Each structure stands twice: as C-alpha cells, then as structure tokens.
Amino acid sequence: MKKVAVIQDLSSFGKCSLTAAIPVLSVMGAQACPLPTAVLSAQTEYPSYFCEDLTRAIPVFTDEWSKLGASFDGIHTGYITGEEQIRHIFDFLEVFYTDGTLLLVDPVLGDQGKAYNHFTDGLLEQMKVLAAQADIITPNITECCLLAGSSYDALHRFADEKNYLKAIEEAGRQLQQETRAEIIITGINPPGLQAAVGNMYINDAHTIYSSVSYNGKSYSGTGDLFASVLMGGRMRGMNLEQSITLAENFLSAAIQDTDLSETPVVAGVNFEKYLRMLL
Ligand code: PXL
C-alpha cells in the first residue's frame, strides 16, 4: 500500500488540511501518515480560535519514524505555522525524500489577495526554498504571486479573460522556471466569467487551462481537497491531467451541494458524500 506523509495542521472546524487530506487519501487507496504542524479548534479565518503549535514535535516525529524504518511514496506539505517549521521539514526531507518519493508542496500563505494570519516575510522566503525542492506545487493565485514576486493587484486590473489568464500564466511560468516543478494554479476566477472557476497546469513544455461552473464563493479547504486528490491520483498511477479533472468534478459536486445548504464559507464544503466519486 502506498504511504503519504501529510505535514499540515489538524483543525477541528473548517474542513481543511488534515481533515480534508486523510479521507481523500484513504478513499483513493493510500495510507495517510499525519505529521501535525499544529492543532487548532478551528481554521484561522474563524473570528476566534485556539492554536497549539507543534513545531517541536516535527524533529521528534522525524527521529521516531526513522527508528521505525518508515518510508513514503509521497510527502505532502500544507499549512506550516512559521519558518522554523520549514527548517525542520528540510531535515525530514533529508531522511525521507528519496528517488521514488513524490513531493507535493501546497504553499499555504493566503487567499483572495490577502495573506493568512501566520504570514511573515521569513515564512515566504523559506517557502520559496521548500517549493524549489518540490515535484508538484499547488498555489492559488495569491500564493503564486507571492512566490513568483508578481503583483496580485496589477493582475486584477485586467478586465478581460484573455489578458488576465495570460498574466497568471506568466507568473506561473516564472515559478515553474525557478523550481522546475509541475505547477497547478487553483481557484482561478477570470473577470466577466463569474460562473466558472479554473485551474492552470504548467510544466516545462506546456500550459493547460480547464474550468468548471461555480457559485462565486471562496470556501475554506477547497485548495487542500484539490491537492489531496492530485496526490491520491498520483499514488494510484493516474497522470496529473486526469487527476485535475477528477478533482474538479469532485469539488464542483461538493460546492453545488454546499451552496444549497447556505453554509458559511469558513466552514468548508460538504465533500463527505462525494468521496465515492474518488473510489
Ligand atoms: O485551507 C488552508 C488553511 C489550512 N490550515 C489552517 C488555515 C487555513 C486557511 O486559512 O487557517 C489552519
């Protein structure tokens, strides 16, 4: 059975990070081995939350898993509380990132042009170094701009879809050239097309843009679910393009369901009953 080390937080409310990754990987037939970076009572966009930072646990998990002789087919990093955690993750990668391992870095830094509460310039700098080691990077537009050094605001001055997508592609291609990773920019909502959300896949040879219909809202955890489906798909031998289509269909169903239930966006999407689509 394929094993994936999943390095991100456990948030009790928000249907993001580990509460998204574990069910998705399980239903897709891979074992999720969580390395929690923090435990939160709710994700950080709730007005109030408790956060227990687990930075000091990361080297201990690394040692304990080494003693077990553990090995991983995939390593998936997500929400990281600060730059010190990334330094521990480099030590983790020294031990566990080998020839056959797929490293997916979801550079969780912000959304909708705003940095999350935990953002610092130091975290961004370390995230760039981590991204340079990745095989796959899954930023949203905000994160892609931060990593590529492009301006989110300048991008959003384009009023037409074609130029907007061209500018996103330029930022994504810059990140691709800096890291040599496969890039999937998620949650692209071009101007004038409020009913569609797209994803852009960029590798060293080409760019593919695809989109699905959408209710215009930005829900918690959708990027985390998306990245988890990509990892699950790769563990199952699917190529990235097939996995992107599967992730889009899965999220589209979950978002439509959530829209009908008038759930607040911080609470995440009703994905549970659509997990069967990933079987
Ligand atoms: O979904 C990204 C994410 C993950 N984990 C925590 C978060 C967020 C986004 O706000 O707060 C704790």
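Residues numbered from 1 in each chain as written. Predicted model: local features only at pLDDT ≥ 70, side-chain atom pairs only at ≥ 80, totals over all residues. Heavy atoms only, no water.

Q: In this structure, what is going on with the site of the ligand? I would like to understand it.
A: Lining the immediate surroundings of the ligand are Asp9, Ser11, Cys16, Ser17, Leu40, Gln43, Thr44, Glu45, Tyr79, Val108, Tyr116 and Asp224. The side chain of Asp224 places a nitrogen or oxygen atom 2.8 Å from an oxygen atom of the ligand. In terms of residue class, the shell around the ligand is built from five nonpolar, four polar and three charged. (Near = heavy atom within 4 Å. Polar contact = N/O pair within 3.5 Å; in protein donor to acceptor, adjacent residues only side chain to side chain. Nonpolar A, V, L, I, M, F, W, Y, C, P; charged D, E, K, R; others polar.)

Q: Any chance you could explain helix H8 (residues 222–235) here in plain terms?
A: Helix length check: H8 (14 residues) gives 20 Å between terminal C-alpha atoms against 20 Å at 1.5 Å per residue, within 8%. Most of H8 is tucked away: twelve of the 14 residues are buried. Among the residues of H8, Thr222, Asp224, Leu225, Phe226, Ala227, Ser228, Val229, Leu230, Met231, Gly232, Gly233 and Met235 are the ones counted as buried. Two residues or fewer past H8, Gly237 is found with a positive phi of approximately 85°. (Helix = DSSP H or I, 4+ residues; strand = E, 2+ residues; numbered from the N terminus. Expected span 1.5 Å × (residues − 1). Buried < 20%, exposed > 50% of the residue type's maximum accessible area, 1.4 Å probe, protein only.)

Q: How do you make sense of the environment of Leu175 when you look at a structure like this?
A: Summarising the element assignment, Leu175 is placed in helix H7 (residues 161–179). The class for Leu175 is buried, based on a relative accessible area of 2%. Separated by 86 residues in sequence, Leu175 and Ser261 have C-alpha atoms that sit 38 Å apart. For Leu175, the residues in contact, after removing those within four places along its chain, are Pro139, Cys144, Leu147, Ala148, Arg180 and Ile183. (Contact = heavy atoms within 4.5 Å.)

Q: Explain unusual backbone geometry to me, please; I cannot follow it from the model alone.
A: The general pattern is negative phi for most residues beyond glycine and trans for most peptide bonds. Despite not being glycine, Lys15 shows a phi value in the positive range, around 45°. For Lys15, the location among the structural elements is in the loop between strand S1 (3–11) and helix H1 (17–27). A residue is classified by how much of its surface remains accessible, and Lys15, at 22% relative accessible area, is partly exposed. The phi angle at Arg180 is positive, at roughly 65°, despite the residue not being glycine.

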